[in-house]
Amino acid sequence: TLFAYYTRFRAKQWYQRRVRGVPTLPGLLFLPFFTLFKSSLNRDKFLFSLDLMLQINSTYQQSTETRYSSLLLQCVDQEIMREKTFYNAMFLYHIFVVWYRFQFPMISDEDRTFAGRWKFLTHWNAMLQIAYYLLCGLLVNSSLYERWEPVRDQAFHIIILPLSVFVSIMFWGLYLYDRDLVFPAHLDKVVTPFFNHQKHSAVVLWTFLEAAIVHHNTPGHLEGHLIAALFCASYLTVVLWVHAAGGVWAYPILGVLNWAGKAIFSSISIVVYVAFYRVGLTLSGYLHNLSFSVAKLD
């Protein structure tokens, strides 16, 4: 379109000026009809040559668009196939994780305290990720997947990816510094190594694989930060409620710090969580430069 407008504008301009000789052009593409214009100065022949050039350009554009459309549809089909394969594999894996959890209850002394496992952010992350991948695996082959897709994109960017990275880095960081702050030695006799790494290591692997394989539309700037802040506030509210009602802290490190230290630690944790959310958006945008959702294409 821009080429056509540019051609018409320059041809009209040069025709009105009665250019003598072949004018200086941005390429040899205009040479045929300007040679005709130079030899005859016949307006009808000139316009016929111009229309012929525009028709050739239009035909070339249509053939190019058809070729690229075919290639794009092939890429989309491959993208959809990879997406379905990934979610089906994750569905089967997390079915196994649920079965494994019931086969080995792994109940520790901390689980018997007030609120049980639900006061631990690790448990929140594990349950959210299991529910997320089970839903994706169930809906990816159904007609409801298009309705689920916007929810999936927001859940992945705002909660699944940043929460998994946050839990893994915070757990292993504190574990290397002083394991008694997050995972005392007596838990090694209760929690199996597989389940420990499933909750604190594999969660990051699955989210990074999904970021590389599946294209996600990014949420709005204000909407994403607001939901992330509400999620952090909801967990902090649960932690404070558990301490007020049951007299226990979710993690030993909270019992060591004073209230000022707790406030600083919580503020830093929220900032780090939001930073991981922003990193996830950047990573997803870098890996997928498409501006549409492949699941909505027919």
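Here the structure is shown first, and the text comes after it.
So, a few notes on the structure that sits alongside this text. (Residues numbered from 1 in each chain as written. Predicted model: local features only at pLDDT ≥ 70, side-chain atom pairs only at ≥ 80, totals over all residues. Heavy atoms only, no water.)

1. Here's the deal with a nonpolar patch on the surface
Together, Phe-96, Trp-99 and Phe-194 make up an exposed nonpolar region whose accessible area comes to about 300 Å². Relative to the helices and strands, Trp-99 is located in helix α3 (residues 43–103). (Patch = residues over 30% accessible without salt bridge, like charges linked within 9 Å, V, L, I, M, F, W, Y side chains within 5 Å. Areas by Shrake-Rupley, 256 points an atom, 1.4 Å probe, with all protein chains shown as cover. Salt bridge = Lys/Arg side-chain N within 4 Å of Asp/Glu carboxyl O. Helix = DSSP H or I, 4+ residues; strand = E, 2+ residues; numbered from the N terminus.)

2. Quick look at the packing of aromatic side chains
Per the counting criterion, the structure on display carries 22 aromatic pairs. Consider the rings of Trp-124 and Phe-231, whose centres lie 6.1 Å apart with planes at 65°: the pair is edge-to-face. Residue Trp-124 is found in helix α4 (residues 121–139), and its partner Phe-231 is found in helix α7 (residues 221–246); the two are separated by 107 residues along the sequence. Here Trp-124 matches Phe-231 in class, with each residue buried. Measuring from ring centre to ring centre gives 4.9 Å for Phe-171 and Trp-172, while their planes differ by 85°; the resulting arrangement is edge-to-face. Of the residues examined, Phe-171 reaches a relative accessible area of 6% and is grouped as buried. For Trp-172, a relative accessible area of 22% puts it in the partly exposed group. Among the aromatic residues, ring-to-ring pairing joins Phe-86, Tyr-87, Tyr-132, Tyr-133 and Trp-148 into one connected group. Over the aromatic face of Trp-259 sits the side chain of Lys-262, whose NZ or CZ is 5.1 Å from the ring centroid. (Phe/Tyr/Trp six-rings, centres within 6.5 Å; stacked < 30°, edge-to-face > 60°. Buried < 20%, exposed > 50% of the residue type's maximum accessible area, 1.4 Å probe, protein only. Lys NZ or Arg CZ within 6 Å of the ring centre and 35° of its normal.)

3. A few points about the packing of α7 against helix α9 (residues 259–287)
Contact geometry for α7 and α9: axes closest at 11 Å, N-to-C directions at 145°. For the element pair α7 and α9, the recorded crossing hand is right-handed. In this structure, α7 contributes His-221, Gly-224, His-225, Ala-228, Phe-231, Cys-232, Leu-236 and Leu-240 to the contact, and α9 contributes Trp-259, Ser-266, Ile-270, Tyr-273, Val-274, Tyr-277 and Arg-278. Residues that form the contact of α7 with α9 fall into these classes: ten nonpolar, four polar and one charged. (Axes fitted to C-alpha atoms, helices over the stretch in contact; angles between N-to-C directions. Left-handed = near helix turned anticlockwise from the far one by under 90°. Contact = heavy atoms within 4.5 Å. Nonpolar A, V, L, I, M, F, W, Y, C, P; charged D, E, K, R; others polar.)

4. Here we look at the layout of surface pockets
There is about 990 Å³ of room inside the largest pocket. As for the largest pocket, its lining consists of 48 residues, and the residues nearest its centre are Phe-120, Leu-121, Thr-122, Tyr-235 and Tyr-251. Taken together, the elements giving at least two residues each to the lining of the largest pocket come down to α4, α5 (145–178), α6 (193–213), α7, α8 (252–256) and α9. No other element matches α9, which puts eight residues into the lining of the largest pocket. Residues that form the lining of the largest pocket fall into these classes: 35 nonpolar, seven polar and six charged. (1 Å grid on protein atoms, 1.4 Å probe; cavity = no way out; pocket = protein on both sides within 12 Å on 5 of 7 lines; lining within 4 Å. Points joined across faces, edges and corners; volume = space filled by probe spheres on them.)

5. A look at the pattern of salt bridges
Evaluation of the coordinates by the stated rule reveals four salt bridges. A salt bridge links Glu-83 to Arg-152, with the nearest nitrogen and oxygen atoms 2.9 Å apart. With Glu-83 in helix α3 and Arg-152 in helix α5, this residue pair connects regions lying 69 residues apart in the sequence. For the pair Glu-83 and Arg-152, a shared accessibility class is recorded, and that class is buried. With its nearest N and O atoms 3.0 Å apart, the salt bridge here joins Arg-179 to Asp-188. Taking the relative accessible area as the measure of exposure, Asp-188 reaches 42% and is therefore partly exposed. A network of salt bridges, in which partner residues are shared, links Glu-83, Glu-149, Arg-152 and Asp-153.

So far we have only geometry, and geometry alone does not tell us how the molecule works.
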